[in-house]
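Per-entry structural report
Each chain, letter by letter, is given below.
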Amino acid sequence: MQAYTGTFMHSPGANSICIVDQVARYVTFKEECRKNGKQKPKADGVLIFDEVKVACQLMWNSRSHQLMGLAMTPNDLSSLNDIYRVLQDPTANQTSYILQFLWRDLTSSYDVVGPYFTCSASVESKFVMACVLETIKLFQHHNLKTSLLVCDGGSANAATIKASHGCHGAYSVKEDQSDKFEVEPWMMNPFNPPNKIFWLLCPSHQLKNMVNALFSSNAGGTKQFKRVKQAEFGWKAITDLYAREILRVSKSQARMVPRLREAHCLRDSWTKLNVSPAKIMQQEQVLGELYCYANQTPPPDNAPEVSETLGYLKACHLLFEQGFLSHDRIRTMDCDTMKNITKGYEYFSSWLSSILDEDPNYPHTSSMQRSFLSWQTWDLLRIDVYGFRAFCQWFLTTYPTHAFVWVSSGESVQSIQVHCWREAGLGELHHCSRCTPYQAVCFIPSQRFRLQG
């Protein structure tokens, strides 16, 4: 167990001690690939990072000096004496958050667990940027290049991404360009110029953002979505859908969306953080039920509103279910996956374009506007779409014998099981990644494949 967890037994910060042994194993791994006649890894990777909240295991009343509750077992509590001894060291720092990094080779799915950084207060963009640059520099010092950065869409991360290419606050609209909403979420690698480093947000997080945005249009919410010359629409179509499901059950009829639960419609704080309820909302069963209801004869009075909600969820379906999270291999820029992402994105870009065409002074970046997505959600979507396009274009040009696959099977960056493979001698697909609780991207040569257990 100590041998397995030894990677994490180092002090915080970007120091060579935390990766030197792993880099040596990676060099050995590359040599083994060469001897076995496989493609030699290119030492070009994706850097994935996420923050983790340090949870307190004791509930202590500082006024009465009494223990109110605990989440530790008696065996765990016995270790507190050792902790108190360590805390007597004046160099011990308070830690509220930990920022952890993981580097993955783009052409072999080999993982190197990177450094971690501690923070005593809320994580800010300046802290994130400093940690990112220090980590990139550390890996570059060991001849491991970084070409892609992956993180979630938290406010500190979003501010870091924008600052890396000279932006601040809400993205502007470029009226003088053919694509006035285009952004450039990449930066030059300061330690390996003139090569670029691209940014990509975790698509699972962005899917949650899009569904939560639709939920904000519920009764008493902050949004009242409306496209130009179209009916207002929002979350009510979803709550009505669930009511129809309950009615079907009462009549002993089969449900059209068996996985839909009341909690998915009410969306408490926990549900909003969960990917599964968000995925359900943009999958075929929900889309099919809304379509059947809106197109029955005679049509119901609220058919226009339901059809508009259906259009919103269809766009999400193209972006995520048939796009970022489709698990399809991307070999060319005109493949179905890229076309689906473009088509889904065009729904939202044309929506905002029509609003601005009707009213050029519409305050789409204001927190008070109610007809469109919040500017934070809209900017994150633009980062994902344009960052993904730019990176795929670069990757397919740089490594033309490979294909790109985004693999995700969990809830978030820090809890997704890794499913990454690379080609073995005769086109086999085998797992060559150590178990690690991080989301990753997977790159595999575009040839023959068969899964090996």
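Now for a look at the structure at hand. Only a predicted model underlies this, so the values are computations on that prediction, with no experimental measurement involved.

Moving on: the overall build of the protein. Of the regular secondary structure elements, the protein holds 15 helices and 13 strands. The burial tally for the protein puts 49% of its 453 residues in the buried class. Look at the contacts in the protein between residues 6 or more apart in sequence, and 68% of them connect residues 24 or more apart.

Moving on: the pairing of strand E6 (residues 145–151). Across the seven residues that make up E6, a large majority, six, are buried. In the sheet, strand E1 (residues 44–53) pairs with E6 via five bridges, with the strands oriented parallel. Counted as the bridge partner of Asp 44 is Lys 145 from E6. For E6 and strand E8 (residues 196–201), the ladder comprises four bridges, and the chain directions are parallel. Bridge assignment links Leu 149 to a residue of E8, and that residue is Trp 199.

Let's shift gears to unusual backbone geometry. Backbone geometry follows two general trends: most residues other than glycine have a negative phi, and most peptide bonds adopt the trans configuration. Here Pro 193 and Pro 194 are connected by a cis peptide whose omega angle stands at 0°. Its location among the elements puts Pro 194 in the loop between strand E7 (186–188) and E8. Phi angles above zero are rare outside glycine, and Ala 43 is one such case at about 55°. Inspection of the secondary structure assignment puts Ala 43 in the loop between helix H2 (20–35) and E1. Its identity as a non-glycine residue notwithstanding, Asn 143 has a phi of 65°, on the positive side. The residue Asn 143 is located in the loop between helix H5 (125–141) and E6 in this model. Judged by relative accessible area, Asn 143 falls into the exposed class, the value being 61%.

With that settled, consider the packing of aromatic side chains. Counted by the stated rule, this structure contains 33 aromatic pairs. Centroid distance Phe 225 to Trp 351: 5.4 Å. Interplanar angle 80°. Geometry classified as edge-to-face. With Phe 225 in the loop between helix H7 (203–215) and helix H8 (236–250) and Trp 351 in helix H14 (residues 336–358), the pair connects residues that are 126 residues apart, well separated along the chain. Exposure remark for Phe 225: the relative accessible area of 0% places this residue in the buried category. Relative to Phe 372, the ring of Trp 351 has its centre 4.9 Å away and its plane inclined at 85°; by these criteria the two rings are edge-to-face.

One open sheet accounts for six strands, arranged E5-E4-E1-E6-E8-E7; its pairing is mixed. A strand with exactly one partner marks an edge of an open sheet, and here the two such strands are strand E5 (111–119) and E7. Strand-to-strand twist of the sheet, defined as the mean angle between neighbouring strand axes without regard to direction, takes the value 25°.

We now examine the pattern of salt bridges. If you walk through the whole model with that rule in mind, you get twelve salt bridges. Among the ionic pairs, Glu 289 bridges to Arg 248, the shortest N-O distance being 2.7 Å. Of this pair, Glu 289 sits in helix H12 (residues 284–294) while Arg 248 sits in helix H8, placing them 41 residues apart in sequence. Lys 279 serves as the salt-bridge partner of Glu 321, at 3.7 Å between the closest nitrogen and oxygen. Taken together, the residues Glu 321 in helix H13 (residues 303–324) and Lys 279 in helix H11 (residues 275–281) connect sequence positions 42 residues apart. By relative accessible area, Lys 279 is classed as partly exposed at 23%. When salt bridges with common partners are traced through the structure, they connect Arg 244, Glu 245, Arg 248, Arg 255 and Glu 289 into a single cluster.

What follows concerns the side chain of Glu 245. Following the sequence through the fold, Glu 245 ends up in helix H8. Taking relative accessible area as the criterion, Glu 245 reaches 0% and is therefore assigned buried. A distance of 3.1 Å separates the side chain of Glu 245 from the backbone nitrogen of Met 256, its partner in a polar contact. The residues contacting Glu 245, other than those within four sequence positions of it, are Arg 255, Met 256, Val 257 and Pro 258.

Reading guide: rules and limits
- Residues numbered from 1 in each chain as written.
- Predicted model: local features only at pLDDT ≥ 70, side-chain atom pairs only at ≥ 80, totals over all residues.
- Heavy atoms only, no water.
- Helix = DSSP H or I, 4+ residues; strand = E, 2+ residues; numbered from the N terminus.
- Buried < 20%, exposed > 50% of the residue type's maximum accessible area, 1.4 Å probe, protein only.
- Contact = heavy atoms within 4.5 Å.
- Pairing = 2+ DSSP bridges.
- Phe/Tyr/Trp six-rings, centres within 6.5 Å; stacked < 30°, edge-to-face > 60°.
- Axes fitted to C-alpha atoms, helices over the stretch in contact; angles between N-to-C directions.
- Salt bridge = Lys/Arg side-chain N within 4 Å of Asp/Glu carboxyl O.
- Polar contact = N/O pair within 3.5 Å; in protein donor to acceptor, adjacent residues only side chain to side chain.

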